[in-house]
Amino acid sequence: MTVEKIANRQLLFILFITRTVMPMSMLPVLAGGGNAMQDAWISMLIATGGNIILAAAIAGLGTKFPRLSIVEYSQRLLGGVAGRLVSLLPITVYFTVSAMEMRMYAEIINTAFLPRTPLIAIIGITMILATVGIISGIEVLGRTADFFALWIAIFLIISLLLPLPEICIENFQPVLARGLEPVISSALIPIAIGAQYLSIGMLLPHVMTPARGVSTALTAVIMSMTFTFLSTLVVIGKMSPFEGSQATFPLLTVFRTIETSEFLQRLEILLVLGWGLGIFISASIFLYCGVSALSHWFKTESYRPLVLPAVVIVVIISMLFEDIFQLRTFALTPEISVPLFLLPTIFVLAVLWGAYLIRKLLSRWSD
Amino acid sequence: MKYPLLNFLSTKKANREIIVGVHKLKLMIAVGIIFCALLCCGGCWDRDEPEDQAFVVATGIDYHPDQELYEIIVQVADPGALVAEGGSGETPSFAVFSAKGHTPFQAARDLALHSTREPFFAHSELFAISENTARHGLGPALDFFRRERQIRLTAVPFILEGDTSITQLFRTDIPLENYSAEGMTRQAEQGIMRRAVFPSRSLADTLMCSNLPGRDMLIGRVAVEKQTKEDKIGEEGEALRGTIKMEGAAAFKEDELVGWFDQSQIKGWGWIHEKIEAATVNIKCPAHDKHNIGLEIYEAQSDMKPVITIDENANRQYRIDLFIQADGRIQDQLCPTGYVWEGDLVNSLNQRLAQVIKNNIKDSFEHAQSLGTDVFGFGNCFYREKYREWKRIEADWVEIFQNDLRLNIEVDATVRRAGLIQEPWR
């Protein structure tokens, strides 16, 4: 069986897109349940540290088993049964994240642009495209990410530059007046979103040079966290932390306050176009990771027969959220997102790294 | 692989059929996707044809306390009339509709009951709020403006003073303009950019102020100047010729209107908030102390610092140290003395300009104190720079602002140049 290959650059773009698009739209560090307000930018710095640790731990483990996926090396490290049980956690994360991202994008479109269009239509159309992408294979997704990343970056950079002249520095005061607690509490949500980096566990075996996986992953973390950090600065500076934290989609609201000229207005379409391109990559990649991990779990020859049932499951999961309030509570409160995403990720990493180090020590002693 | 066509032709016939079959399948899938994508281009369930929409250019909101109902009034551009009459004929190039409801949203939706087309708010450049609504509380209106996706946050909000109805305001035909919304937008821009007598820049700015701790809102004031029967346009008087006054502002406490600021008080507010982009100032000439000199300020900066001191009775004294820096130029003078060379006369000119600015600020501050509304954001200054102290005084801030807060104003004003002539006309 031939292994499909992607360049390290393509992995970088995939990780950048998946970790940038949705967090930028909902800006959980400010509009989430953390209450850091004007100090949200400090929370972002802390979250960047947390994401670097998570991405380095996942990619670092992957580079020890350059030709194996996280499902395969879990079984090698922990044995068949335990390995399979542990690898169920990343599989769950892949499908849940894919479903949540789809639902969030559908909510943005429905709330701000197409209020009468049913969510299922928006999700369904995007999922049809994602299905074609996944069946075409990771190489096609990699090339698409290659092509889209530049456009997404251009759209997002324009979106971040336009409000700059109207930034009010006073909106960032007082700094750390309420202590570190709200800042850390707000940082927990973007750190929990770092569970998305579990996708490295499925993508690294397809990379041309897996040995450079850690540096690729860390570059992607820095790139995406820079974008999210700048978004946080723009929202606080332009709208004030009070107005920003009350917005459902803070960056979109900032864009609604910009007037470039009398004849060139409502440029939020650039932002949404960037998000739209990104969500295709994001949903496709997590779904690909999910079906690919399932195929390794069941030891099937190809993941492709699993794609259609998986798509149906993801669509159903995304429609399980009754309303945006439930979705926000699920995704943007530390009380739920930490035990749901961060703790399982830490558990998987701790168990796998522990097993790897113990095995290494044992093999040294036996030598 | 280098010559795909030759490779294809050199394969066996059966294989060629399989390849063609696969390509056909791929082509069919691609066509299917493109077809599906085309179906979505129309806007799915939200497809709206432009000819079915009424393009709202100005939106007004009124509250009727006797009925406890909100009324939304809209001015809708009539592109047909604009083209046919060039916007200056005997029939107005706009229409005005209104509807009532228990909430602003319900009223806005019910507009469709009075119009043949669905109102589309994305082009509304103005938000007129009646004095009634402002006194009752702006909260519901602001909530609607923030929540509704069609509303443009760049639109200019203002308060319509007195008993004049918003319908009358929207029916006013302003000279040189196609419809009043267009005229008022230009006039607001002039008031902000050229004369600093109108504070409202955009709904976004107003919303930001409404949420800041220790700061109250100030929204521009609009009034319709007197109209008579002779001003009627159209057979049924669909519009009235008239002019609109846009200067001063409504001051709010929380979301309720508590009083008005006049032109000079608005300038005082503008000096503090660095909102002066160009302003005119009159001073008496230093040479004789009786002739007017007209100055234009074209650059101003401000800096404020909150200060807390303890007096001899161990009571806390709250003070704001305000430093203003302004640059201006002589635009005209009635004084026969020339202000040409560096020296006492020019220094005195600078001092007099500084004194006028100081008086503007003092007058504005005292007026705000009398109304009990901190439109300057002095409380916000304590919140930002003395957070712990702010938490202590937050609940009593209005009282402190009204009775205890002192303002220490320092102005550095410089007249930089004197136009194209040095000596006055004799």
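Worth saying up front: this structure is predicted, and the values here are computed from it rather than measured. (Residues numbered from 1 in each chain as written. Chains lettered and ligands numbered in written order. Predicted model: local features only at pLDDT ≥ 70, side-chain atom pairs only at ≥ 80, totals over all residues. Heavy atoms only, no water.)

> Tell me about the overall build of chain A, and name the residues and values.
In terms of helices and strands, chain A carries 16 helices and 0 strands. For chain A, the C-alpha radius of gyration of 20 Å lies close to 21 Å, the compact-globule estimate for 367 residues. Overall, the C-alpha framework of chain A stretches about 70 × 45 × 35 Å when taken along its three principal axes. Across the 367 residues that make up chain A, the buried fraction comes to 60%. Across chain A, the fraction of contacts at a sequence separation of at least 24, relative to all contacts at a separation of at least 6, is 85%. For chain A, the accessible area works out to roughly 14000 Å², and carbon and sulfur atoms hold 71% of it. On chain A, the mean spot of the 21 positive side-chain charges and the mean spot of the 19 negative ones are 13 Å from each other. (Helix = DSSP H or I, 4+ residues; strand = E, 2+ residues; numbered from the N terminus. Rg over C-alpha atoms; globule rule 2.2 N^0.38 Å. Buried < 20%, exposed > 50% of the residue type's maximum accessible area, 1.4 Å probe, protein only. Contact = heavy atoms within 4.5 Å. Areas by Shrake-Rupley, 256 points an atom, 1.4 Å probe, with all protein chains shown as cover. Lys, Arg positive; Asp, Glu negative; His and termini not counted. Charge placed at Lys NZ, Arg CZ, Asp CG, Glu CD.)

> Talk me through the environment of A:Pro182; I want residue IDs and the actual numbers.
Residues and elements named next belong to chain A. In this structure, Pro-182 sits in helix α8 (residues 181-193). A C-alpha to C-alpha distance of 15 Å links Pro-182 and Val-338, two positions 156 residues apart in sequence. Excluding residues within four positions of it along the chain, Pro-182 makes contact with Gly-34, Asn-35 and Ala-36.

> How would you summarise the sheet that holds strand β16 (residues 406-417) of chain B if you had to cite specific residues and measurements?
Residue and element names in this part refer to chain B. Taken in spatial order, the 4 strands line up as β13-β14-β15-β16 in an open sheet, and their pairing is mixed. Sheet topology places β13 (279-284) and β16 at the edges, where each strand pairs with a single neighbour. In this sheet, adjacent strand axes meet at a mean angle of 40 degrees when their direction is disregarded. In this structure, strand β14 (residues 292-310) lies alongside strand β15 (residues 316-333), joined through 17 bridges in antiparallel fashion. Counted as the bridge partner of Pro-306 is Ile-320 from β15. Of the strands in this sheet, β13, β14 and β15 touch helix α10 (residues 263-272), which is tilted by about 60 degrees from β14. (Pairing = 2+ DSSP bridges. Axes fitted to C-alpha atoms, helices over the stretch in contact; angles between N-to-C directions.)

> Residue-level account of the pattern of salt bridges, with values.
For the structure shown, the criterion picks out 18 salt bridges over all chains. With a closest N to O distance of 2.5 Å, A:Arg9 and A:Asp146 form a salt bridge. On the criterion of sequence distance, the pair formed by A:Arg9 in helix α1 (residues 8-26) and A:Asp146 in helix α7 (residues 138-161) is long-range, its members being 137 residues apart. The exposure class assigned to A:Asp146 is partly exposed, which follows from its relative accessible area of 22%. Here B:Glu182 and B:Arg186 are joined by a salt bridge, their closest N and O atoms 3.6 Å apart. Residue B:Glu182 and its partner B:Arg186 are located together in helix α8 (residues 180-195), separated by 4 residues, close to a single helical turn. (Salt bridge = Lys/Arg side-chain N within 4 Å of Asp/Glu carboxyl O.)

> So what about the packing of aromatic side chains? Which residues, and what values?
Residue and element names in this part refer to chain B. As enumerated under the stated definition, the model contains 25 aromatic pairs over all chains in all. Ring centres of Tyr-318 and Phe-382 lie 5.7 Å apart, and the angle between their planes is 80 degrees; this geometry places the pair in the edge-to-face category. One end of the pair, Tyr-318, is in strand β15; the other, Phe-382, is in helix α12 (residues 378-385), with 64 residues separating them in the sequence. The class for Tyr-318 is buried, based on a relative accessible area of 5%. The buried category is assigned to Phe-382, whose relative accessible area is 0%. Relative to Phe-401, the ring of Trp-397 has its centre 6.3 Å away and its plane inclined at 45 degrees; by these criteria the two rings are tilted. Residue Trp-397 and its partner Phe-401 are located together in helix α14 (residues 397-403), separated by 4 residues, close to a single helical turn. Neither Trp-397 nor Phe-401 differs from the other in exposure class; each is buried. Pairwise contacts between aromatic rings join Tyr-318, Phe-365, Phe-376, Phe-378, Phe-382, Trp-390, Trp-397 and Phe-401 into one cluster. (Phe/Tyr/Trp six-rings, centres within 6.5 Å; stacked < 30°, edge-to-face > 60°.)

> Can you break down the interface of chain A and chain B residue by residue, with the values?
Contact residues are listed per partner, giving 32 residues for chain A and 27 residues for chain B. A buried area of about 2700 Å², summed over both sides, lies between chain A and chain B, and 54% of it is on carbon and sulfur atoms. For the chain A face of the interface with chain B, the top three residues by lost area are A:Arg116, A:Phe242 and A:Arg256, together amounting to 23%. Counting across the chain A and chain B interface gives 7 residue pairs in polar contact (both at pLDDT 80 or more). At the level of elements, α5 (80-112), α6 (119-136), α10 (213-239), α11 (241-246) and α12 (250-256) of chain A are the ones that each hand at least two residues to the side of chain A that touches chain B. In terms of residue count, α6(A) provides more of the side of chain A that touches chain B than any other element does, 4 residues in total. When grouped by side-chain class, the residues that make up the side of chain A that touches chain B number 14 nonpolar, 10 polar and 8 charged. (Buried area = accessible area lost by both parts, 1.4 Å probe. Polar contact = N/O pair within 3.5 Å; in protein donor to acceptor, adjacent residues only side chain to side chain. Nonpolar A, V, L, I, M, F, W, Y, C, P; charged D, E, K, R; others polar.)

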